[in-house]
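# Breakdown of the fold
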Protein chains: 2
Amino acid sequence: MDHKFPPLKNDLLLRAARGEPVERVPVWAMRQAGRYLPEFKATRAEHEFFKVCRTPELACEVTLQPLRRYDFDASIIFSDILVIPQALGMTVEMVPGKGPSFPEPLVTPEDMEKLDTKCKVAESLSYVYEAVTLTRMKIDGQCPLIGFAGAPWTLMSYMIEGGGTKTHSKAKKWLYCYPEASHKLLQLLADVIVDHLVLQICAGAQLVQLFESHAGILGPNLFYKFALPYIKYISVKVREALTAKEVEHVPMTIFAKDAHFALEELADSGYEVISLDWTIKPKHARSRCGENVTLQGNLDPCALYASKEEIGEFAKELVHSFGTKRWIANLGHGMYPDHDPEHLEAFIEAIHKYSQQPSDEL
Amino acid sequence: MDHKFPPLKNDLLLRAARGEPVERVPVWAMRQAGRYLPEFKATRAEHEFFKVCRTPELACEVTLQPLRRYDFDASIIFSDILVIPQALGMTVEMVPGKGPSFPEPLVTPEDMEKLDTKCKVAESLSYVYEAVTLTRMKIDGQCPLIGFAGAPWTLMSYMIEGGGTKTHSKAKKWLYCYPEASHKLLQLLADVIVDHLVLQICAGAQLVQLFESHAGILGPNLFYKFALPYIKYISVKVREALTAKEVEHVPMTIFAKDAHFALEELADSGYEVISLDWTIKPKHARSRCGENVTLQGNLDPCALYASKEEIGEFAKELVHSFGTKRWIANLGHGMYPDHDPEHLEAFIEAIHKYSQQPSDEL
């Protein structure tokens, strides 16, 4: 890396990810830059969703917004997992109140010919890397900056479904009817994802998280065949690429939402951190994942609707269940637009309070 | 019961539910009366969804349709879990391509005052019981007839969300913000559900299934507080009511979709059959549920998109994993509108073929 970044003042996240002692548990929130913040809505009122992603100054601004309010131990670059389908030539629109929409989703394997398989990620997604570098500078070492990408199956399912779906049956139909074409698409995506993660790390990301948001819809059989191998591939290839570039390795997190059936395999897939959704019991997760990975999560996002006192109790329970070693406190999924910003603050403060370690125990 | 029904010629389902020996594993499919069948679509082309539910002759007709095509070991009365909110005075519309919609969902606990809490289920849902009796007559003992109801939390979440949702955050917000009102609503629903199940049994239903379709969104904490107690309550109260009426008890099935975190508790909740979604590994389910319950499920509905040969292999694997004792073969969720009827047939035939018991082992 050619960048000269300000020194990191709070490395709790990185130490927790590597399994080193921490004086208190690091905490951040998935989708912490989002519509629950009035200042985010103000930015979005002026600029369309993907315009914010594509403009490094705007992406940096919304990434920093939650850090100005909260005592977070991590920031995550504002971007979207669907920038990769965009880089492959697909049109993705963010429909207000409905979520992302592909006007021309992949219908049959022949449609894969329309994809720009020779896309140069470094060029087409340069705005992400610029945003990462700019943000890392501006954070001024307050906390680490996380980069991210969607995992192959999750991106594939978006590219085929084209919009919201409960069953993901169009995308799953590919796995059953066109397994070869599916593997070809997943491999293409995996290679682009590797590049995208490596480029974010080279640009300044200090940890990267892979989002397999649609893992749960697969069930064990399909997950083992069409998701897990690519999740593993990415962890191996990112490491190899960093070594080849002589760039220091950063911790990697896998968040396979609702993949309760694969915790053991995920713990063994080459990631330092396993992020858990709120349906997983913390103690089950630890006993199934073993002691050699860090766990992340997993407050039910809806628990932030409770009173601040109750949120404090939930945080206390989480600290009690996860313990203070190898744990990064977070929600079990992202923030919702109708969350009260003060309730998130109550969560952060309670985690800090209850996870504080007596200095002689460190 | 005053009805004189034709003798039952195939009681495989009931024997499997009670843990008795079977010469082959019984098989049926959730939503086996549905849009994947051209004859069902023909009926629906002429009659609106709830018109079919409310007209015993039509409900009977569509219930019988799959039995004319397939060698099923069970039928399930055509109805909908949302007839209960309707009986409580709420308007529910079936929006084509979108699913059920409540024009006036419950927004705050005050809205519960609008509910007809004194509703006489026997009168308002008499069409269901007439449909059950008529269908049981017309099935002519070919196989048992299943009755069903939605479980309290699932109905509550529909009544508050009013339509499709990924997060169920409006309904979950009630659980966190208005726990007392939530319990009041859940108790009201539980009592209506008990009546509805008992009346279906009195009308001729030979097994009843409770659908907790939205269990998974709760996670363990909310599920233990707001779903499981009512699931248990219903199994106890249905039994008590049948005893009081001197009506023979029928087996009961609980399908708590995505409640992977609560299999042990479900196995201990008073139901003879635990229905599993496709994310649960059969052998895990058996070891967690013990030997005293029957398991039902759990082919991924999307697996019916595969070739007939592969479907045969999936069925073989299921027989291998579940074994032939205390198992009812089914999907892990309902049929989809774009399923090929012939592929369902391949599944049924393969289950019959691979689960056939040598007669000397019975």
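All figures in this text were calculated on a predicted structure; none of them were measured in a lab. (Residues numbered from 1 in each chain as written. Chains lettered and ligands numbered in written order. Predicted model: local features only at pLDDT ≥ 70, side-chain atom pairs only at ≥ 80, totals over all residues.)

### Digging into the overall build of chain A
Note the threshold: Helix and strand labels come from DSSP, where a helix needs a run of H or I of at least four residues and a strand needs a run of E of at least two; each type is numbered from the N terminus. For the radius of gyration, the atom set is restricted to C-alpha positions; the globular benchmark scales as 2.2 Å times the number of residues to the power 0.38. A pair of residues counts as a contact when their C-beta atoms, built from backbone coordinates, are separated by no more than 7 Å.
Helix and strand counts for chain A stand at 16 helices and nine strands. In summary, chain A has a C-alpha radius of gyration of 19 Å against a globular reference of 21 Å for 362 residues, a match within 12%. In terms of overall dimensions, chain A has a C-alpha envelope of 60 × 45 × 40 Å along the principal axes. Within chain A, counting contacts between residues at least 6 apart in sequence, those at least 24 apart form 74% of the total.

### Things to note about the interface of chain B and chain A
Which entries qualify depends on this criterion: Charged means Asp, Glu, Lys or Arg here, nonpolar means Ala, Val, Leu, Ile, Met, Phe, Trp, Tyr, Cys or Pro, and polar covers whatever is left, Gly included.
With 20 residues of chain B at the contact, the number on the chain A side is 20 residues. At the level of secondary structure, the elements contributing two or more residues to the side of chain B that touches chain A comprise α9 (169-177) and α11 (219-226) of chain B. A per-class count over the side of chain B that touches chain A returns 10 nonpolar, six polar and four charged.

### Thoughts on the environment of leucine 125 of chain B
Relative to the helices and strands, leucine 125 of chain B resides in the loop between α6 (121-124) and α7 (126-139). In contact with leucine 125 of chain B, not counting residues within four places along its chain, are Val83, Ala87 and His196 of chain B.

### Quick word on the packing of helix α8 (residues 152-161) of chain B against α9 of chain B
All names here are of chain B. Let me state the cut-off plainly: Geometry is summarised by axes, namely lines fitted to C-alpha atoms with helices restricted to the contacting stretch, and by angles between N-to-C directions that run from 0 to 180 degrees. These descriptions rest on fixed angle ranges, namely under 35 degrees for roughly parallel, over 145 for roughly antiparallel, 65 to 115 for roughly perpendicular, and the rest for oblique. In a left-handed crossing the near helix is turned counterclockwise from the far helix by less than a right angle, and in a right-handed crossing that turn is clockwise.
Where α8 meets α9, the closest approach of the two axes is 8 Å, and the angle between their N-to-C directions is 115 degrees. It follows that α8 is roughly perpendicular to α9 by the angle criterion. Along this stretch, α8 crosses α9, giving a crossing that reads as right-handed. Mapping the contact onto sequence places Met156, Ser157, Ile160 and Glu161 in α8 and Lys170, Ala171 and Trp174 in α9. The class makeup of the residues in the contact of α8 with α9 is four nonpolar, one polar and two charged.

### Some thoughts on the environment of lysine 283 of chain B
Residues and elements named next belong to chain B. Quick reminder of the rule: Burial in this document is a count-based property: other C-beta atoms within 10 Å of a residue's C-beta are tallied, and the residue is buried at 20 or more, exposed at 12 or fewer, or partly exposed in between, with C-beta positions derived from the backbone.
Examined against the element boundaries, lysine 283 turns out to sit in helix α14 (residues 282-289). Assessed through the 12 C-beta atoms surrounding it within 10 Å, lysine 283 is described here as exposed. When the C-alpha atoms of lysine 283 and phenylalanine 322 are compared, they prove to be 6.7 Å apart, with 39 residues separating the residues in sequence.

### Notes on the relation of the copies chain B and chain A
Applied cut-off: Copy-to-copy superposition: least squares on the C-alpha atoms, limited to residues that have pLDDT of at least 70 in both copies.
Structural alignment of chain B on chain A gives an RMSD of 0.0 Å, achieved by rotating through 180 degrees and translating 0.0 Å along the axis. Here the copies are linked by what is in effect a two-fold axis. The overlap is high: 100% of the interface residues of chain B also sit at the interface in chain A, so the same surface is used on both sides.

### Quick look at the sheet that holds strand β4 (residues 145-150) of chain B
Residue and element names in this part refer to chain B. Applied cut-off: Any two strands with at least two DSSP-identified bridges between them are counted as paired.
In spatial order, the strands read β1-β4-β5-β6-β7-β8-β9; together these seven strands make up an open sheet with parallel pairing. Strands at the two margins of the open sheet, each flanked by one partner only, are β1 (75-76) and β9 (327-331). As paired strands, β1 and β4 are joined by two bridges and run parallel to one another. Each residue of the ladder has a partner; that of serine 75, found in β4, is leucine 145. Sitting on the sheet, α7 touches β1 and β4, and the angle it makes with β4 is about 155 degrees.

### Describing the pairing of strand β8 (residues 294-299) of chain B
All names here are of chain B. What counts here: Crossovers are marked right-handed if the path from the first strand over the helix to the second runs clockwise, as seen with the strands pointing away from the viewer.
For β8, a buried count of six out of six residues is recorded, marking the element as mostly surrounded by other parts of the structure. Chirality of the crossover, the property in question, places the unit of strand β7 (residues 273-275), α14 and β8 among those that are right-handed. By the bridge criterion, five bridges tie β8 to β9 in an arrangement that is parallel. Each bridged residue has a counterpart across the sheet, and for glutamine 296 the counterpart in β9 is isoleucine 328. This β-α-β element, β8 to helix α15 (residues 308-322) to β9, shows right-handed connectivity.

### Observations concerning the sheet that holds strand β5 (residues 207-212) of chain A
Hydrogen bonds along the backbone pair up the strands of a sheet, which may run parallel or antiparallel. All names here are of chain A. Taken together, seven strands build an open sheet; the order of strands is β1-β4-β5-β6-β7-β8-β9 and the sheet is parallel. The outermost strands of the open sheet, each flanked by one partner alone, are β1 (75-76) and β9 (327-331). In the sheet, strand β7 (residues 273-275) pairs with strand β8 (residues 294-299) via three bridges, with the strands oriented parallel. Looking at the pairing, valine 273 lines up with threonine 294 of β8.

### Some details on helix α11 (residues 219-226) of chain A
For the record, the criterion: Directions are taken from the helix axis to each C-beta atom, and the arc is the one they span.
Within α11 of chain A, the full set of buried residues consists of Gly219, Leu222, Phe223 and Phe226 of chain A. Considered in projection along α11 of chain A, the buried side chains sweep an arc of 105 degrees and stay on one side of the axis.

### A word on unusual backbone geometry
It is generally the case that most residues other than glycine have a negative phi and that most peptide bonds are trans. Note the cis peptide between glycine 297 of chain A and asparagine 298 of chain A, where omega equals -15 degrees. Position of asparagine 298 of chain A among the secondary structure elements: in strand β8. At arginine 326 of chain A, a residue that is not glycine, the phi angle is positive and equals roughly 50 degrees. Looking at where arginine 326 of chain A falls in the secondary structure, it is placed in the loop between α15 (308-322) and β9. Taking the C-beta count within 10 Å as the criterion, arginine 326 of chain A has 24 such neighbours and is therefore assigned buried. The backbone of aspartate 258 of chain B sits at a positive phi, close to 70 degrees, despite the residue not being glycine. Along the chain, aspartate 258 of chain B falls in the loop between β6 (252-256) and α13 (263-267). For aspartate 258 of chain B, a count of 24 C-beta atoms within 10 Å gives the class buried.

### Looking at the packing of α15 of chain A against helix α16 (residues 341-355) of chain A
All names here are of chain A. Where α15 meets α16, the closest approach of the two axes is 8 Å, and the angle between their N-to-C directions is 40 degrees. In terms of their interaxial angle, α15 and α16 are classed as oblique. Handedness of the crossing formed by α15 with α16: right-handed. Along the contact surface, α15 presents Lys308, Ile311, Gly312, Ala315, Lys316 and Val319, while α16 presents His343, Ala346, Phe347, Ala350, Ile351, Tyr354 and Ser355. For the contact of α15 with α16, the per-class residue count stands at eight nonpolar, three polar and two charged.

### Some thoughts on the pairing of strand β6 (residues 252-256) of chain A
All names here are of chain A. For β6, the buried fraction is high: five of the five residues fall into the buried class. Of the two faces of β6, the one lined by Met252, Ile254 and Ala256 and the one lined by Thr253 and Phe255 are each fully buried. As judged from the five bridges shared by β5 and β6, these two strands associate in the parallel manner. Across the sheet, residue glutamine 209 finds its bridge partner in β6, namely threonine 253. Of the pairings in the sheet, the one linking β6 to β7 comprises three bridges and is parallel in character. Directly across from threonine 253, in β7, lies its bridge partner valine 273.

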